[in-house]
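For reference, the chains in residue letters:
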Amino acid sequence: QAQLVESGGGSVQPGGSLRLSCAASGFLASSAAMSWYRKAPGKDREWVASISGSGGAPNYAISVEGRFTISVDVARNTVYLQMNALKYEDTAVYYCNAYSNSGTFDYWGQGTQVTVSW
């Protein structure tokens, strides 16, 4: 059974850092485009970053470019989101997504909460 499990969320002060992990099982992340999305209270879900599951050039939302880094460890079948210089407005539930290159699957993780506050 295919599954995405996020971890690494938590509470951090403004300017701090967190690294989120998304462990894929039941399928190869290298066969998909791997992305991170987030949803803040009262707001629509927002795309954050994407990368090919086999590696390659990442893409970022303007709001996080220069602060966040998405990466993939093919051997571990895991995608990461390194978040630096966190701001209050980064507070959200962060979700991992895998969309297959062939369009045959679209998986979501359960989400991990990131809270930026004093």
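All of the points below concern the structure found in this document.

So, how was this worked out
- Residues numbered from 1 in each chain as written.
- Predicted model: local features only at pLDDT ≥ 70, side-chain atom pairs only at ≥ 80, totals over all residues.
- Heavy atoms only, no water.
- Helix = DSSP H or I, 4+ residues; strand = E, 2+ residues; numbered from the N terminus.
- Buried < 20%, exposed > 50% of the residue type's maximum accessible area, 1.4 Å probe, protein only.
- Lys, Arg positive; Asp, Glu negative; His and termini not counted.
- Salt bridge = Lys/Arg side-chain N within 4 Å of Asp/Glu carboxyl O.
- Polar contact = N/O pair within 3.5 Å; in protein donor to acceptor, adjacent residues only side chain to side chain.
- Contact = heavy atoms within 4.5 Å.
- Disulfide = S-S within 2.5 Å.
- Pairing = 2+ DSSP bridges.

Some words on the side chain of glutamate 6
Next up, step 1: Position of glutamate 6 among the secondary structure elements: in strand E1 (residues 3-7).
Next up, step 2: Despite being buried, glutamate 6 has no salt bridge partner; arginine 45 is the closest side chain of opposite charge, sitting 9.8 Å away.
Next up, step 3: Of note is the side chain of glutamate 6, whose polar atom sits 2.7 Å from the backbone nitrogen of cysteine 96.
Next up, step 4: A distance of 2.9 Å separates a polar side-chain atom of glutamate 6 from the backbone nitrogen of glycine 111.
Next up, step 5: Setting aside chain neighbours within four positions, we find glutamate 6 in contact with Ser21, Cys22, Trp36, Tyr94, Tyr95, Cys96, Gly109, Gln110, Gly111 and Thr112.

Here we look at the state of the cysteines
Next up, step 1: For the coordinates displayed, the defined rule picks out 1 disulfide.
Next up, step 2: Sulfur-sulfur distance for the disulfide between cysteine 22 and cysteine 96 comes to 2.0 Å. Sign of the S-S torsion, about -80° for the bond between cysteine 22 and cysteine 96, identifies this disulfide as left-handed. Here the residue cysteine 22 occupies a position in strand E3 (residues 18-25), and cysteine 96 occupies one in strand E9 (residues 92-100), the gap between them amounting to 74 residues. One exposure class covers both cysteine 22 and cysteine 96, and it is buried.

Comments concerning the pairing of strand E4 (residues 32-39)
Next up, step 1: Alignment of E4 against E9, held across 8 bridges, turns out to be antiparallel. Bridged to tyrosine 37 within E9 is tyrosine 95.
Next up, step 2: Two strands pair when backbone bridges link them, and E4 and strand E5 (residues 46-52) are joined in this way by 6 bridges, in the antiparallel orientation. Across the sheet, the residue bridging to tryptophan 36 is alanine 49, located in E5.
Next up, step 3: Counted between consecutive antiparallel strands, the loop separating E4 from E5 contains 6 residues, among which glycine 42 sits at a positive phi close to 80°.

What about the environment of glycine 15?
Next up, step 1: Mapped onto the elements, glycine 15 comes out in the loop between strand E2 (10-12) and E3.
Next up, step 2: Distance from glycine 15 to asparagine 59, taken between C-alpha atoms, is 22 Å for residues 44 residues apart in sequence.
Next up, step 3: The contact partners of glycine 15, leaving out residues within four places of it in the chain, are Ala85 and Leu86.

What to know about unusual backbone geometry
A negative phi angle characterises most non-glycine residues, just as the trans form characterises most peptide bonds.
Next up, step 1: Positive phi values are uncommon outside glycine, yet asparagine 77 reaches one of about 55°.
Next up, step 2: Looking at the element boundaries, asparagine 77 is found in the loop between strand E7 (68-73) and strand E8 (78-83).
Next up, step 3: With a relative accessible area of 14%, asparagine 77 lands in the buried category.

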